[in-house]
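Results of the structural survey
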Amino acid sequence: MSRQNQSLFSAALVGPAFLGAFRKLDPRAMIRNPVMFVVEVVAVLTTILFARDALAGGTDLLFSGQIILWLWFTLLFANFAEALAEGRGKAQAESLRRTRTEMTAKRLTGPGRDYETVPGTSLKVGDLVLVEAGDLIPSDGEVVEGVASVNEAAITGESAPVIRESGGDRSAVTGGTQVLSDAIKVRITAAAGSTFVDRMIALVEGAARQKTPNEIALNILLAGLTLVFVFAVASIPSFASYAGGAIPVIVLVALFVTLIPTTIGALLSAIGIAGMDRLVRFNVLAMSGRAVEAAGDVDTLLLDKTGTITLGNRQATEFRPVRGVSEQELADAAQLASLADETPEGRSIVVLAKERYGIRARDMAGLDATFVPFTAQSRMSGVDLDGASIRKGAVEAVIAAVSAQPMAQRGSSAALAYHPAAETEVVDQVRAIAEETAKAGGTPLAVARDGRLLGVVHLKDIVKGGIRERFAELRRMGIRTVMITGDNPVTAAAIAAEAGVDDFLAQATPEDKLALIRREQAEGKLVAMCGDGTNDAPALAQADVGVAMNTGTVAAREAGNMVDLDSDPTKLIEIVGIGKQLLMTRGALTTFSIANDVAKYFAILPAMFLTLYPQLQALNVMGLASPQSAILSAIIFNALIIVALIPLALRGVTYRAVGAAALLRRNLLVYGLGGVLVPFVGIKAIDMAVSALHLA
Amino acid sequence: MTPNGWIQIALYCAVVLALVKPLGAYMTRVFEGERTLLTPVLGPFERGLYRIAGIDARQEQTWLGYAGAMVLFNAAGFVLLYAILRLQAGLPLNPAEQAAVAPDLAFNTSTSFVTNTNWQSYGGETTLSYLSQMLGLTHQNFVSAASGIAVAVALIRGFSRASTRTLGSFWVDTTRATLYVLLPLCVVLALFYVSQGMPQTLAPSIEATTLEGGKQTIAVGPVASQVAIKMLGTNGGGFFNANAAHPFENPTALANFVQMVTIFAIGAAFTNVFGRMVGDERQGWAILAAMGVLFLVGVAVTYWAEASAGGVLSNLGLSGGNMEGKETRFGIAASALFAVVTTAASCGAVNAMHDSFTALGGLVPLVNMQLGEVIVGGVGAGLYGMLIFVIVAIFVAGLMVGRTPEYLGKKIEAKEVKMAMLGILCLPLAMLGFTALATVLPAGLAGPANAGPHGFSEILYAYTSAAANNGSAFGGLTANTLFYNTTLAVAMLVGRFFIKIPALAIAGSLAAKKTVPASSGTFPTHGGLFVGLLVGVVLIIGGLTFFPSLALGPIVEHFAAVAGQTFATGG
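For the structure given in this document, a descriptive report is provided here. (Residues numbered from 1 in each chain as written. Chains lettered and ligands numbered in written order. Predicted model: local features only at pLDDT ≥ 70, side-chain atom pairs only at ≥ 80, totals over all residues. Heavy atoms only, no water.)

Considerations on the overall build of chain B
Our working definition: Helix and strand assignments come from DSSP, with helices taken as H or I runs of at least 4 residues and strands as E runs of at least 2, each series counted from the N terminus. The atom set for the radius of gyration is the C-alpha atoms, and the globule formula is 2.2 Å times the number of residues raised to the power 0.38. When accessible area is computed with a 1.4 Å probe and restricted to protein chains, residues below 20% of their type maximum are described as buried, those above 50% as exposed, and intermediate ones as partly exposed. What makes two residues a contact is simply this: any of their non-hydrogen atoms within 4.5 Å. Under the convention used here, a 1.4 Å probe and the Shrake-Rupley method define accessible areas, while residue burial counts only the protein chains that appear. The sign given to each residue is positive for Lys and Arg and negative for Asp and Glu; His and the chain ends receive no count. The atom standing in for a charge is NZ when the residue is Lys, CZ when it is Arg, CG when it is Asp and CD when it is Glu.
For chain B, the count of helices and strands is 20 helices and four strands. Relative to the compact-globule value of 25 Å for 571 residues, chain B shows a C-alpha radius of gyration of 23 Å, a close match. Classification of the 571 residues of chain B by burial places 63% in the buried group. Counted over contacts in chain B with a minimum sequence separation of 6, partners at least 24 positions apart contribute 78%. Surface exposure of chain B reaches about 18500 Å², of which carbon and sulfur atoms provide 68%. For chain B, the centre of its 26 positive side-chain charges and the centre of its 24 negative side-chain charges are spaced 15 Å apart.

Quick notes on the interface of chain A and chain B
Think of interface size as the accessible area that goes away when the parts come together; that is how it is often given. Rule in force here: In this description, buried area is defined as the sum, over both parts, of the accessible area (probe of 1.4 Å) that is lost when the two are combined. Whenever Lys or Arg places a side-chain nitrogen within 4 Å of a carboxyl oxygen from Asp or Glu, that contact is recorded as a salt bridge. Any pair of N or O atoms that falls within 3.5 Å is considered a polar contact. Within protein, one atom must be able to donate a hydrogen and the other to accept it, and sequence-neighbouring residues count only if both atoms are side-chain atoms. Gly is put with the polar residues, along with every residue not named as nonpolar or charged; the nonpolar set is Ala, Val, Leu, Ile, Met, Phe, Trp, Tyr, Cys and Pro, and the charged set is Asp, Glu, Lys and Arg.
On the side of chain B, 61 residues touch chain A, which itself brings 65 residues to the contact. For the pair chain A and chain B, the summed buried area comes to about 5100 Å², and 77% of that belongs to carbon and sulfur atoms. Here A:D299 makes a salt bridge to B:R403, at a shortest N to O gap of 2.8 Å. Where chain A meets chain B, there are ten residue pairs in polar contact (both at pLDDT 80 or more). If you list the elements that add at least two residues to the side of chain A that touches chain B, you get α7 (213-234), α8 (236-242), α11 (289-297), α18 (467-477), α20 (510-522), α23 (571-595), α24 (597-609) and α26 (660-692) of chain A. It is α7(A) that provides the largest number of residues to the side of chain A that touches chain B, a total of twelve residues. For the side of chain A that touches chain B, the class distribution of residues is 40 nonpolar, 15 polar and ten charged.

Overview of the pattern of salt bridges
Residue and element names in this part refer to chain A. A full pass over the atoms with the stated rule returns 46 salt bridges over all chains. R470 is the partner of E574 in a salt bridge, and the nearest nitrogen-oxygen pair spans 2.6 Å. Highlighted residues: E574 in helix α23 and R470 in helix α18, separated in sequence by 104 residues. Accessibility expressed as a relative area gives 27% for E574, which makes it partly exposed. For the salt bridge of D502 with R475, the shortest nitrogen-to-oxygen distance reads 2.7 Å. Here D502 is found in the loop between α19 (489-499) and β19 (503-505), whereas its partner R475 is found in helix α18, with 27 residues between them in sequence. On the basis of relative accessible area, D502 is assigned to the partly exposed category, the value being 33%. Classification of R475 as partly exposed rests on a relative accessible area of 36%.

Points about the sheet that holds strand β21 (residues 545-549) of chain A
Residue and element names in this part refer to chain A. Quick reminder of the rule: Between any two strands, pairing holds if DSSP finds at least two bridges. The axes are straight lines fitted to the C-alpha atoms, using for helices just the contacting stretch, and the angles between their N-to-C directions are given from 0 to 180°.
Reading across the sheet, the seven strands line up as β10-β22-β21-β20-β11-β18-β19 and stay open at both edges, with mixed pairing between neighbours. The strands lining the two open edges of the sheet, one partner per strand, are β10 (284-286) and β19. Shown here is a sheet whose adjacent strand axes are inclined to one another by a mean of 20°, direction ignored. Sheet topology note: the β10/strand β22 (residues 562-564) ladder contains three bridges and is antiparallel. Looking at β22, one finds that L285 is bridged to V563. On top of the sheet, α23 reaches β10, β11 (300-304), β20 (527-531), β21 and β22; it is set at about 160° to β11, its chief contact.

As for the side chain of B:T28
All names here are of chain B. Tracing the backbone through its elements, the reader meets T28 in helix α1 (residues 3-31). Assessed through its relative accessible area of 8%, T28 is described here as buried. A distance of 2.5 Å separates a polar side-chain atom of T28 from the backbone oxygen of G24. With residues near it in sequence (within four places) discarded, T28 still touches V273, R276 and M277.

Overview of unusual backbone geometry
Residue and element names in this part refer to chain B. For N243, which is not glycine, the phi dihedral falls at a positive 55°. Along the chain, N243 turns up in the loop between α8 (223-232) and α9 (253-277). Given the relative accessible area of 4%, N243 is considered buried. The phi torsion at S346 lies on the positive side, around 60°, for a residue other than glycine.

Looking at the nonpolar core
The criterion, for reference: Within this scheme, the nonpolar core is defined by two criteria: the residues are buried Ala, Val, Leu, Ile, Met, Phe, Trp, Tyr or Cys, and they are joined through side-chain atoms within 4.5 Å.
Ranked by size, the top nonpolar core spans 317 residues in total, and within it B:F270 and B:Y407 carry the most contacts. Filtering out sequence-adjacent residues up to four positions away, B:F270 remains in contact with B:M27, B:F31, B:I149, B:A152, B:V153, B:I156 and B:L383. If you look at the next biggest cluster of nonpolar residues, it comprises 40 residues, including A:I399, A:V402, A:L445 and A:L459.

Examining the pairing of strand β2 (residues 215-218) of chain B
All names here are of chain B. Bridge count between strand β1 (residues 206-209) and β2: four bridges; the pairing is antiparallel. Pairing of E207 across the sheet is with T217, part of β2. From the end of β1 to the start of β2, which pair antiparallel, there are five residues, and G213 there has a positive phi angle of about 90°.

A few points about the environment of A:N561
Residue and element names in this part refer to chain A. Along the chain, N561 falls in the loop between α22 (554-559) and β22. Separated by 21 residues in sequence, N561 and L540 place their C-alpha atoms 8.0 Å apart. When residues no more than four places from it in sequence are discounted, the contact partners of N561 are L285, A286, M287, S288, A291, D544, V545 and G546. Within the structure, the side chain of N561 is placed 2.9 Å from the backbone oxygen of D544, a separation counted as a polar contact. Among the polar contacts made by the side chain of N561, one reaches the main-chain amide nitrogen of G546 at a distance of 2.8 Å.

Looking at the packing of aromatic side chains
Residues and elements named next belong to chain B. Where we set the bar: The aromatic pairing rule takes the rings of Phe, Tyr and Trp, using the six-membered ring of Trp, and pairs them if the centres are within 6.5 Å, calling planes under 30 degrees apart stacked, those over 60 edge-to-face and the rest tilted. A ring is considered to have a charge above it if a Lys NZ or an Arg CZ atom is located within 6 Å of its centre and within 35 degrees of its normal.
Scanning all chains against the criterion turns up 33 aromatic pairs over all chains. With 6.1 Å between their ring centres and 90° between their planes, F159 and F274 make a pair best called edge-to-face. Of the two residues, F159 is situated in helix α6 (residues 130-160) and F274 in helix α9; the sequence distance between them amounts to 115 residues. In this structure F274 comes out as buried when scored by relative accessible area, which is 0%. Put simply, the rings of F159, F274, Y407, F523 and F530 touch in pairs and so form one group of aromatic residues. The ring of Y180 has R176 lying over it, and the distance from NZ or CZ to the ring centre is 4.6 Å.

Set out below in structure tokens:
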């Protein structure tokens, strides 16, 4: 799936949408949209009446013919909007479908590597298959044995291969992706037709689209308004007969269709489809429209510290020696200890030593050095060279190691220079520095050379650039951010303060996360989070918006209601924005649609009642040319405004994080007041065109 | 328009506003079940009533239970009132020996008083016995008002409570509304009115000999007590046919002023009860502000239209405004103000003939009612009517801040929207539907006294008044016929219960929801922006529906009058 932005009205999309607009006139499809269904019923009835009148040689056929034509246009424009929105998804679905060509599978028949070749469609959940280099993975599953690099470009658009291995959090594989190297055994977790790709296709095509709760409520409102205007228009004939006249049916129909909220009715489903589509373009798959809507409502955002708020790796930012040791000496020792350390932390120490003290990298082999790797038991790493031993590691671990060494084995200079009292003082100093480092949000790393404590390296969590501003923006949106971290509370508090999150959960276990979500929800808040591990699954399922990383486990992907194909946890922020945009677009167009009615009344009412009471000409504030051109202009405006608003419906109203009050003021001004004024101008302009062309 | 007139209007607004907080605080205590100043006196009486009725005051009801109790209570009230009216000839306290009320009129009148409409197809002093007036009508004046208050209280609880199924007890709310709010105020008001010269007697009508030697019957009766609740409970049913234009029913300028104040007093203060109960008084003030904007526009238009009646009147050589149908005692300002107050508040008492107002002056009362009586509105009814509009306004505009719309921490979802639309739908259905019927059927066409648009306005006004539960009459329409009595009664029932029951359903649904804490992403509902939005939605959704009918009635009449045209008098 490509992320390139297709232009809204590209020829490739407009053509099929044009045909789709006619196909969607099928009443069985129309009935899903109550407002437009009513318009269709009215259009059919007036067409029949028109045919009867035409045969009987009625009068004013040109006028009523034009009105009826525009009624059909109104319907076609609405269908066109929906077809266009769907078309964009369809194009994406096509490219997905191409990946799902006929696949064969190597189904394992025994515990070894014996297999039989079967069609991919015959696989059942629980089957074990072998996938070797070059093979396509036949269906969704979980790696149970082996490790392989996999090209997932088919679903993510990202061509760099990813590693998939058994156990751990990177065990999920997706049907349709290709194994590039090695071989893996995969347990199938999805039956044919219900795989990830299948669901993606259904989602982007809009086939699986169900009305969201908010859309249902809006439909009720629109249906209610339609009924109100049924009463308003249906009572007019008797009022007219009281006044001693009659109003032609076609005029009543024109008034009715312009009054009911056709603008929003026509664009409602296009807005919903476009909202999902925006997510897809963002490489996020929402399993339901409900989830997208919920994203707009999110009150609390749980964000993992590592990778989201901070760069994945800690970096050395400072060397803090104990008294009597120079920074240079500490830096030198720390650099030596880290030369062979390939961890990002280790490399950052080397970089810092070079940048700050000009200590160049030395060749390990030339130094005849032995690297002592980090183990979970020792919690230290280091190097032995020329009889010297340098260690760096967790503060308490290094202190313990230093104290355990007998005096005699310590470096001679150290033995002479220090006595026990001084030694405790050094330990206290190191501990004090370590404490300060932790309070500043860093991780302290003690360094010792030949059993002598030299000082502490300050490893710092680097907060991502610009993240503070993002959180400030979220706060303006009214969203509380909570940082989740395994760090101790002291470190967590410092990072939280630096990043500008509202709250943090330190030393978090999966149970803590789940409890936090439940607590927030009990207060009536909606919670969003993202996660990838199996132990995230309960929290993902509990959260109102759970975004699973595509690299995550099957369990996580099943539990969340969105999947981020790029596995980028920061996207949660954009997802919230897209959810809000969807709701805003609906509200803006509804407001606009209702506000339009004022002008339409002023166009049609004086025209309609002029034969009864010529005095009502005073209501013709727009000075429309004739009653017929006034009515025709109103119905043309009503149809054309749909087309004019299609780009807005598909792109969405721009969301600005400026707080609800400012946002509402702006949108009320644009879509409320604008909605009252625009049709006055529009109808007048159309009226001038209509009378210039002598259409009425 | 005179400075004196504007000062009267300003003074009126100031007095009403001054009452909002104290009355609101008191009523909040009453409905929260807390101790009040009157508890030592009324408490034992209240408990006694529950004991007799077998009500457990702590037993709360779900919305269905609450609605069921409300319907049952009103149905019983209807049966009782109908029986009294039909049997009044044989019952005591009938010194004028009034005959039994005809079945269709009794049906209309019973419905009218049970629904707090007080539409009167009859002349009180020539139709009803004292017993019918006191036990029948005055009794319903109290309890129909109390039942409206109860529904409003239940709806407020829907907003203020969270995660619960119950809304309080209808029996307790109605009892407390009557006992602690309506009765004490009415006792004070009745005494005041008597001091102003209003009759309060059970003696029969007075036979007087005029200076010319003719015989005249001067009707008196227990007037003051009925007038007190008629205004306070926004009932509006007059003791006399001339209603508040009758010198005995509105003796002095001061009595007129107090009557107008009491029409608005409870309705306006209820916005404060709302604010207090949801824990943010500003919310109540915002709603009152929206009502206030609509009210002031109405008053200004009516006063201007009546004071500067040009067109036909100036063609006739008249100047100084339109005094036709107005009491010289009150003048144009007080009459215009009264007309707007009584139609804004669903009261329906009149101190001038709205039929004789200018076209635009008569348009405002009509629009006030068509908006659903939400400008202060009937006691309780005004608030729940306005809250229904609030739900629609919040739903439409609230989406524009990018969240599922919420009001006071409650999410507005499909169920609330459905019920709110039902409440909004029923008014155009009853008002326009019955007007359409009456303008084509011979039985309907026989009603109006005037031809042309004015006759149309008379019919439209009648059904509008009935469905809005206002009860004021435009005048000119002969309504005491089988057709009008029956259709108007149905309009009253639709307009009352098809709003009350959806309002309770909304309350039930809201009470069951959690309350979402407000954040900077929440749409603020206490500022000018919200007030403007609410006014806009009330005008566009509540008002636009009626534009065609208004165009064919008062609007065309106005343009015709400006041009100096009249329509021939006929049917």
